[in-house]
Amino acid sequence: MISAEMQERLTRVGPGSAMGRLLRSYWYPVLASVELAPGQAREVRLLGEDLAVFRAPSGRLGLLERHCPHRGVSLGQGVATERGLVCPYHGWTFDHGGACVAMPAESNPGARLLSRASVAAYAVAELGGLIFAYLGPAPAPLLPRYDLFVLDGALRDIGRAELPCNWLQIMENSVDPVHVEYLHGQHLQAALAVSGRETATGYGRRHEKIGFDLFEYGITKRRVLEGGSEDDDDWRVGHPLIFPVTLRVGANCQHRFQIRVPVDDQTTMHYWYSCYLPPAGRQAPAQDTVPLYEVPWRRPDGSFRTDFVDGGDIMAWVTQGAIADRTRELLVSSDRGLVLLRRLLLEQLERVERGDDPLGVIRDPERNQCIRFVQEHDKLGGSAAFLRRAMDISHARFSPIRDQVLAMLSPPSG
Ligand code: FES
Ligand SMILES: [Fe+2]
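Throughout this description, residue numbers start from 1 for each chain and increase along the sequence as written. The naming scheme follows written order: chains are lettered A onward, ligands numbered 1 onward. Totals for whole chains, interfaces and linings use all residues, but because this is a predicted model, local features are given only for residues with pLDDT of at least 70 and pairs of side-chain atoms are given and counted only at 80 or more.

(A) Fine view of the environment of P285. Here a strand is any run of E in DSSP of at least two residues, a helix any run of H or I of at least four, and the numbering for each starts at the N terminus. Here P285 is to be found in the loop between β17 (267–276) and β18 (292–294). P285 has contacts with L155 and Q404, leaving out every residue within four places of it along the chain. Placing a C-beta atom from the backbone of each residue, one calls two residues in contact when those atoms lie within 7 Å.

(B) Broad picture of the sheet that holds strand β1 (residues 28–32). Strand order in the open sheet formed by 3 strands is β1-β10-β9, and the pairing between neighbours is antiparallel. A strand with exactly one partner marks an edge of an open sheet, and here the two such strands are β1 and β9 (123–127). Across the sheet, the mean angle from the axis of one strand to that of its neighbour is 30 degrees, orientation sign disregarded. Sheet analysis places β9 next to strand β10 (residues 130–134), joined by 5 bridges and oriented antiparallel. Note on pairing: two strands pair once DSSP finds at least 2 bridges between them. To get an axis, a line is fitted to the C-alpha atoms, and for a helix only the part in contact is used. The angle between two axes follows their N-to-C directions and goes from 0 to 180 degrees.

(C) Inspection of the domain arrangement of the protein at higher detail. Each domain's extent was defined by an automatic or database domain assignment. We note that the domain assignment places domain 1 (27–134) and domain 2 (147–409) within the protein. Measuring from the centre of the C-alpha atoms in domain 1 to the corresponding centre in domain 2 gives 33 Å. Facing 13 residues of domain 1, the contacting portion of domain 2 comprises 15 residues. Elements supplying a minimum of two residues to the side of domain 1 that touches domain 2: β1 and β2 (41–46). Of all the elements, β1 adds the most residues to the side of domain 1 that touches domain 2, at 3 residues. Any residue that is not Ala, Val, Leu, Ile, Met, Phe, Trp, Tyr, Cys, Pro, Asp, Glu, Lys or Arg is counted as polar, Gly included; the first ten are nonpolar and the last four charged. Taken together, the residues that form the side of domain 1 that touches domain 2 break down as 7 nonpolar, 4 polar and 2 charged.

Given below as structure tokens:
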């Protein structure tokens, strides 16, 4: 249990909030690349701020505050030109730096008026099929070149869901390994049985031991499952929580970032960024673009769809409330990962208050060629067959490239 003040400090993301300042030290995906054609603008929201992102015909990206200083119309509805973003109402035009460069209905606006009409501009960049934004103070740190964004020869897709809950309860799930045995074991099994599908999920084994170690980009999570040992990849290798909002999961040929983007205090955009590597001796089919798909976590009647692994997680996150009330929680020994994460967040928040860069911020290009993370090859004692099934009972079953991935991962016939 924590105090109401501590809960505010840990969860709030808006400008001026303590956690908002820490979170503004990092880059976040705000759109998939396929969603923004040259000449187009889109509305996005990040850390409680309304923004407009645009791509000039030449491909150059821009990111501005959303509301036009004239009479407040959304610049995200405007047209992206080489000169800048054009407001749809009266054509005021804002360049990539936010300066107003045209007021078509004013014959001679003058430098003073133009400078009063400028808007805030932010750093924006593209990597691995995602468009990232940085809202913190200048100079922006480097956009991290995490391995899955830059590896060659992989098949990729991006799943996404907008969730009506605070980012922190999703991150706390990532340092709560034991939920797997009940939520993804028995609860999922029951949900699958109701929908007449298979019954064994393979996730039900009891956790004998859990462990958490800090490393230079976050927390490595480890587990020993009933019948296993510390020689298993689950303990020996584990997988990382990449501070502050990313979890790296997967095994074998499947690798995935789950990125929890704080849209505002009560909304999180969840990205599943998957990277499938071909088994030895095979090649991944060529991809021109990384496809995007929505993960359907509610049924048309509004009920939770818990018959896949991530659907169960989403039900848990959302039903904790818009901001989970930690003044009433009852933590037990298996919740010690949450305690560690909260402590780490508070330490890093103090670092930022002292004017230092927090954990994982990168400014040295040498360090940013490709940031490699380790994760289990054999997860939960899993074989290739287990992993194919895991794909079938996870969000990946909604992927538009699911058949391509399965074909690539399947043993050759004959
Ligand atoms: S409201 Fe944008 S130009 Fe008038
Ligand atoms: Fe889970």
